Amino acid sequence: MNKYFHLDELNTNIRTEILAGFTTFISMSYILFVNPNVLGAAGMNQGAIFTATALSAAFGTLMMGLYAKYPIATAPALGINAFFSYSVVIGMGVNWQTALAAVFVASLIFILITIFKLRELIIDAIPSDLKFAISSGIGLFIAFLGLHQGGLVVANKSTVVGLGSFTTPTTWLTVIGLIVTSLLLVKRIPGAIFIGMAVTAIAGLVTGLIPMPHHVLSGAPSLKPTFGVGVEYFSHINTVQLWVVVLTFLLVTFFDTAGTLVGLAQQAGFMRDNKMPRVGKALMSDSSAMLVGSILGTSPVGAYVESSAGIAVGGRSGLTSVVTAICFISGMFFSPLLPVVTNQVTAPALIIVGVLMAQSMKRVHWEKLEIAIPSFLIVIGMPLTYSISDGMALGLIMYPLTMIAAKRGKEVHPIMYALFFIFIVFIAILNVK
């Protein structure tokens, strides 16, 4: 195991990798319950979605661990699942079976562009400054996610967002977890993030803010209602409107995953000469997971920013992902225990990981405005648009323009000019009503 995963070379060990894998799972286990709720709004069977979510997450994460050997987990992506239900099925009136077929078609295209290394070329072409900005932006995005889920930041009609109410008891769980985790990290206690989550969960159970589970084991729901439906309805993708849906699934997943992989690789210190080693294998892992997910019956699968929690604990090898994958498989049978991991339990971890990832900002050349402006748009755009791909779009559209204005247009990679036009089309498609 040490030899296969290169644990010594990565300055890690089996114990650390297991802890990291479990921490990643705990941080993203909410998707097992959120995804069925979101896709259930489209009329899909929630039990089948629960099982499809667990299996697609386990498959992609296992591929990422054994094939790409990265501590990065995959699962059905948030945001794009809401687009699936509320925009495509409910908004456009497309039945969920045909929407699944659109995901299936998008996943086939995804695999093709991965095989021809188009995704790899694009990731390599992004300048290092913008990659650091992407990493930092993802940090602010998941910190904002944690602050919101934990009740510390809430919607406010007067000011868009505002401070949450401390009269809400569950908000104090987030506060306790944040204080405990912060102090443990400052004292350099190993496994501080995981310990913080454990303390928060125990505090919730003791105070009754988190309900005690009534039982431990349960059977996994059947996949029959959704399995193979996307393939069966393949021929229904026969209108311009549905091809726009396919393109949207493709573009959002493409850039969300690209941004996430770059950000996580920066955090873990994997980048070499502005390139991510074995990036082709990582991209094939997530595109394969998207294909498998579409067959099982779920919305597009992609790399998860919550993997940063496991990386922060010390996860550096594919063993972390293997452990996370095993947890997802086990999660199908221990589902009664998973509600213990509430938003308030994971929120402190997301906030702290945001702090760690934001440190990449110091490596951006802020003194050069042609670099600073697009970098800032990426950093601030991700949390404020609540989207990794939208934040990337703002910065990557601006980058060629500022470089040309600074008379450095010849330094811009041709692919970056191509991305300029692609992102303009991308934003136009997202704004089609």
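Before any of the text, the structure's been laid out above.
Only a predicted model underlies this, so the values are computations on that prediction, with no experimental measurement involved.

Another aspect to go through is the environment of Val364. Structurally, the position occupied by Val364 is in the loop between helix 16 (343-358) and helix 17 (369-385). Taking C-alpha positions, Val364 is 43 Å from Leu337, a pair spaced 27 residues apart along the chain.

The end-to-end C-alpha distance of helix 5 (residues 80-91) is 14 Å, clearly below the 16 Å that 12 residues give at a rise of 1.5 Å each. All of the buried residues in helix 5 are Ile80, Asn81, Phe83, Phe84, Ser85, Val88 and Val89. One or two residues past the end of helix 5 sits Gly93, with phi positive at roughly 80°.

Our focus in this paragraph is the layout of surface pockets. If a probe the size of a water molecule is rolled over the atoms, the empty space left behind becomes visible. There is about 780 Å³ of room inside the largest pocket. Secondary structure elements with two or more residues in the lining of the largest pocket: helix 3 (31-40), helix 5, helix 8 (128-149), helix 12 (240-268), strand 4 (301-303), helix 18 (388-405) and helix 19 (414-430). Element by element, the count of residues in the lining of the largest pocket is highest for helix 12, at six residues. Of the residues in the lining of the largest pocket, the class split is 21 nonpolar, 12 polar and three charged.

This brings us to unusual backbone geometry. The backbone of Val160 sits at a positive phi, close to 70°, despite the residue not being glycine. As for its placement among the helices and strands, Val160 is situated in strand 3 (residues 160-163). Residue classification places Val160 among the exposed residues on the basis of a relative accessible area of 64%.

On the surface, Val216, Leu217, Ile329, Phe333, Phe334 and Leu337 cluster together into a nonpolar patch covering about 500 Å² of accessible area. Residue position: Leu217 is located in the loop between helix 10 (192-207) and helix 11 (229-232).

Turning to the environment of Leu100, a few remarks are in order. The topology assignment puts Leu100 in helix 6 (residues 96-115). The sequence separation of Leu100 and Asn274 amounts to 174 residues, and the corresponding C-alpha distance is 36 Å.

All right, on to the side chain of Glu370 then. Along the polypeptide, Glu370 turns up in helix 17. Those residues in contact with Glu370, other than ones at most four positions away along the chain, are Tyr399, Thr402, Met403, Ala406 and Arg408.

Another point: the packing of helix 2 (residues 14-28) against helix 15 (residues 318-331). Packing of helix 2 against helix 15 brings their axes to within 7 Å, and their N-to-C directions diverge by 45°. Classified by the angle between their axes, helix 2 and helix 15 sit oblique to one another. Here helix 2 runs over helix 15; the crossing is right-handed. Residues Ile14, Glu17, Ile18, Ala20, Gly21, Phe22, Thr24, Phe25 and Met28 of helix 2 touch helix 15, and the partners they reach there are Leu319, Thr320, Val323, Thr324, Cys327 and Phe328. Per-class residue counts for the contact of helix 2 with helix 15 are 10 nonpolar, four polar and one charged.

A pair of packed helices is captured by two measures, namely the crossing angle of their axes and the spacing between those axes. Across the interface, helix 6 lies against helix 13 (residues 279-296) with an axial gap of 8 Å and an inter-helix angle of 160°. It follows from the interaxial angle that helix 6 and helix 13 lie roughly antiparallel. For helix 6 against helix 13, the interelement crossing comes out left-handed. Only Gly280, Leu283, Met284, Asp286, Ser287, Ser288, Met290, Leu291, Ser294 and Ile295 of helix 13 make contact with helix 6, whose side of the interface consists of Leu100, Val103, Phe104, Ala106, Ser107, Leu108, Phe110, Ile111, Thr114 and Ile115. The residue makeup of the contact of helix 6 with helix 13, split by class, is 13 nonpolar, six polar and one charged.

Where strand 2 (residues 153-156) meets strand 3, four bridges bridge the pair, whose relative direction is antiparallel. Bridging from a neighbouring strand, Ala155 pairs with Val161 of strand 3. Between strand 2 and the antiparallel strand that follows it, strand 3, lie three residues.

Criteria and thresholds
Counting from 1, residues in each chain are numbered in the order their sequence is written. At least 70 in pLDDT is required for a residue's local features to be given in this predicted model, at least 80 for side-chain atom pairs to be given and counted, and no such filter applies to totals for whole chains, interfaces and linings, which use all residues. The side-chain numbers reported here are obtained from all heavy atoms of the structure, hydrogens and water having been left aside. Runs of E in the DSSP output that reach at least two residues are strands. Runs of H or I that reach at least four are helices, and both are numbered from the N terminus. What a helix should span is 1.5 Å times the count of its residues minus one. Think of it in three bands: residues with accessible area under 20% of the maximum for their type are buried, residues over 50% are exposed, and the middle band is partly exposed, with areas taken using a 1.4 Å probe on protein chains only. Here a cavity means grid points, on a 1 Å grid over the protein atoms only, where a 1.4 Å probe fits yet cannot get out; a pocket means an open set of points with protein on both sides within 12 Å along at least five of seven lines; lining residues are those with an atom within 4 Å of a point. Grid points are joined across faces, edges and corners, and a volume is the space filled by probe spheres set on the points. Three residue categories are used. Nonpolar comprises Ala, Val, Leu, Ile, Met, Phe, Trp, Tyr, Cys and Pro, charged comprises Asp, Glu, Lys and Arg, and polar comprises the others, including Gly. Surface patches are defined over residues having more than 30% relative accessible area and no salt bridge, joining like charges when they lie within 9 Å and nonpolar side chains (Val, Leu, Ile, Met, Phe, Trp, Tyr) when within 5 Å. Accessible surface area values rest on a Shrake-Rupley calculation with a 1.4 Å probe, where residue burial reflects the displayed protein chains alone. Salt bridges, as used here, are contacts in which a Lys or Arg side-chain nitrogen is within 4 Å of a carboxyl oxygen on Asp or Glu. In what follows, residue pairs with any heavy atoms lying within 4.5 Å of each other are defined as contacts. Here an angle of 0 to 180 degrees is reported between the N-to-C directions of two axes, which are lines fitted to C-alpha atoms, with helices fitted over the stretch in contact. Each angle is binned into one of four classes, with values under 35 degrees roughly parallel, values over 145 roughly antiparallel, values of 65 to 115 roughly perpendicular, and all other values oblique. Take the far helix as your reference; a near helix turned counterclockwise from it by less than a right angle gives a left-handed crossing, and one turned clockwise gives a right-handed crossing. The pairing criterion is simple: DSSP has to find at least two bridges between the two strands.

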